[in-house]
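So the chains spell out like this:
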Amino acid sequence: MHWNAQRMLKKIFDFFLFSSSFIAFCAILMVHQSNHLLSLHYHYRPYLAFVFFSTICSYNFHWYLTPEMATEQHRISWTNKHKNLHLAFLATGLAGAGWYSFYFIQHWPWMAAGVALTFLYSAPKLSLPPFRQLRKIAIGKTIFLAFVWMYVTTILPIVFAEKEWQAQDKLFCVSRFFLIYSICIIFDYRDRENDRLEGIRSM
């Protein structure tokens, strides 16, 4: 009985972590922190929903494109067994992000930039010729990813609040970038073998 409960808890934990639900909650917490520390006033609840769904969409898109590999990594193994789940989460995240993006349609150029930057991070995994070329120049993908996180969790909230930029806002953006970058380095190091097998260059 104890063994079955343990296995069930492990499955729930794996689902929460590997479906990118955990990272989506981290993203909305970072936005909330930015709102609080920078005293930002805007219609933030729809944006929190947008960030949640867009994170679910982008990360499940990224892992859905990750090819099946003979690897001991538990993360890759779970991904290979749950491709349909990644696809379902991708579609759900896309629908949710699309719906909540209309709340900020007046800022569409800023939103479009965030969507494009997010897509470009996973684009090298696509097999189409134009995107395969990106694998040769993706050496700075860790810096790129850290910038995307900083952009979504700090710059966009400041833009939506229509706040006049101050020195503290700029310093907060810089600090957020280096916080995310220090985390991304760990995962970049973990994925170095998979990147090599996919032909993606990294630092």
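Since the model is a prediction, treat every value here as computed from it, not as a measurement.

Rules used throughout
Think of each chain on its own: its residues are numbered from 1, step by step along the sequence as written. For this predicted model, a pLDDT threshold of at least 70 governs which residues receive local features, and a threshold of 80 or more governs which side-chain atom pairs are given and counted, while totals over whole chains, interfaces and linings are taken from all residues. For side-chain calculations, the full set of non-hydrogen atoms in the structure is used, while hydrogens and water are omitted. Helix and strand assignments follow DSSP, with helices taken as H or I runs no shorter than four residues and strands as E runs no shorter than two, numbered in order from the N terminus. A helix is expected to reach a length of 1.5 Å times the quantity of its residues less one. Consider a residue and the seven residues that end there alongside the seven that start there; fitting an axis to each set, the bend is the angle between those axes. Type-normalised accessible area, obtained with a 1.4 Å probe on protein chains alone, sets the label of each residue: buried when under 20%, exposed when over 50%, and partly exposed for intermediate values. What pLDDT expresses is the predictor's confidence in each residue, scored from 0 to 100. The arc in question is formed by the directions pointing from the helix axis toward the C-beta atoms. Buried Ala, Val, Leu, Ile, Met, Phe, Trp, Tyr and Cys residues form a nonpolar core when they are joined through side-chain atoms within 4.5 Å. Here, residues are in contact when the closest pair of their heavy atoms is within 4.5 Å. Classification of ring pairs rests on two measures: the distance between centres of Phe, Tyr or Trp rings, Trp counted by its six-membered ring, which must be within 6.5 Å, and the angle between planes, read as stacked under 30 degrees, edge-to-face over 60 and tilted in between. Here a cavity means grid points, on a 1 Å grid over the protein atoms only, where a 1.4 Å probe fits yet cannot get out; a pocket means an open set of points with protein on both sides within 12 Å along at least five of seven lines; lining residues are those with an atom within 4 Å of a point. Grid points are joined across faces, edges and corners, and a volume is the space filled by probe spheres set on the points. Throughout, the ten residues Ala, Val, Leu, Ile, Met, Phe, Trp, Tyr, Cys and Pro are labelled nonpolar, Asp, Glu, Lys and Arg are labelled charged, and all others, Gly among them, are labelled polar. Any pair of N or O atoms that falls within 3.5 Å is considered a polar contact. Within protein, one atom must be able to donate a hydrogen and the other to accept it, and sequence-neighbouring residues count only if both atoms are side-chain atoms.

*Asks:* Can you help me understand helix α8 (residues 141–160) in this one?
*Replies:* Three- or four-residue spacings in an α-helix give side chains the same orientation, since the helix completes a turn every 3.6 residues. In this model, α8 (20 residues) spans 27 Å end to end at C-alpha, consistent with the 28 Å of a helix rising 1.5 Å per residue. Taken as a whole, α8 carries its principal kink of about 40° at Tyr151. Within α8, 17 of the 20 residues are buried, which leaves it mostly tucked inside the rest of the structure. A positive phi of about 50° marks Glu162, the residue just after α8.

*Asks:* What am I meant to see in the environment of Ser175 here?
*Replies:* In this structure, Ser175 sits in helix α9 (residues 167–190). Residue classification places Ser175 among the partly exposed positions, given a relative accessible area of 40%.

*Asks:* Any chance you could explain the confidence of the model for the protein chain here in plain terms?
*Replies:* Caution applies to low-pLDDT parts of the model: their predicted coordinates are not meant to be read in detail. Scored by pLDDT, the protein chain comes out at a mean of 84, with 82% of its residues at no less than 70. Mean pLDDT in the protein chain bottoms out at helix α10 (residues 192–198), which sits at 62, and peaks at helix α2 (residues 21–37), which reaches 96.

*Asks:* What is the right way to look at helix α4 (residues 74–81) in this model?
*Replies:* Of all the positions in α4, only Arg75, Ile76, Trp78 and Thr79 are classed as buried. Burial along α4 is one-sided: seen end-on, the buried residues are contained in an arc of 160°.

*Asks:* Help me out: how do you make sense of the nonpolar core in this one?
*Replies:* It is characteristic of soluble globular proteins that their nonpolar side chains tend to be buried jointly. Among the nonpolar cores identified, the biggest contains 34 residues, and Tyr42, Tyr47, Val51 and Phe160 are the most heavily contacted of them. The set of elements that each furnish at least two residues to this core consists of α2, α3 (44–65), α6 (108–122), α8 and α9. A per-element tally of this core places α8 first, with 12 residues. Residues within four places of Tyr42 in sequence aside, it is in contact with Val31, Asn35, Tyr47, Phe104, Pro157, Phe160 and Ala161. Within the second largest apolar cluster, 5 residues are counted, among which are Phe61, Leu65, Leu90 and Leu126.

*Asks:* What should I look at first to understand the packing of aromatic side chains in this one?
*Replies:* The geometry of an aromatic ring pair is captured by two quantities: the separation of the ring centres and the angle between the planes. Under the defined criterion, the tally for this structure stands at 19 aromatic pairs. With 6.1 Å between their ring centres and 35° between their planes, Phe16 and Phe25 make a pair best called tilted. Exposure remark for Phe25: the relative accessible area of 38% places this residue in the partly exposed category. Seen in terms of ring centroids, Phe61 and Phe119 are 6.1 Å apart; in terms of plane orientation they differ by 25°. Their pairing is stacked. Highlighted residues: Phe61 in helix α3 and Phe119 in helix α6, separated in sequence by 58 residues.

*Asks:* I would appreciate a short explanation of the layout of surface pockets in the present structure.
*Replies:* Considering only enclosed or pocket space, the second largest pocket measures out at about 690 Å³ in volume. Around the second largest pocket, the lining comprises 32 residues; the ones closest to its centre are Ser54, Ser58, Gly114, Val115 and Thr118. Contributing elements (two or more residues each) for the lining of the second largest pocket: α3, α5 (83–101), α6 and α8. Taken together, the residues of the lining of the second largest pocket break down into 22 nonpolar, 10 polar and no charged.

*Asks:* What am I meant to see in the side chain of Thr154 here?
*Replies:* As for its position among the elements, Thr154 is in helix α8. In this structure the side chain of Thr154 is engaged in a polar contact, spanning 2.3 Å, whose partner is the backbone oxygen of Met150. In this structure, Thr154 is in contact with Ser34, Phe172, Cys173 and Arg176, ignoring residues within four places of it in sequence.

*Asks:* Would you mind showing me how to read unusual backbone geometry here?
*Replies:* Residues other than glycine predominantly adopt negative phi, and peptide bonds predominantly adopt the trans conformation. Residue Ser20 is not a glycine yet carries a positive backbone phi of 75°. Residue placement: Ser20 occurs in the loop between α1 (2–18) and α2. Given a relative accessible area of 2%, Ser20 falls into the buried group.

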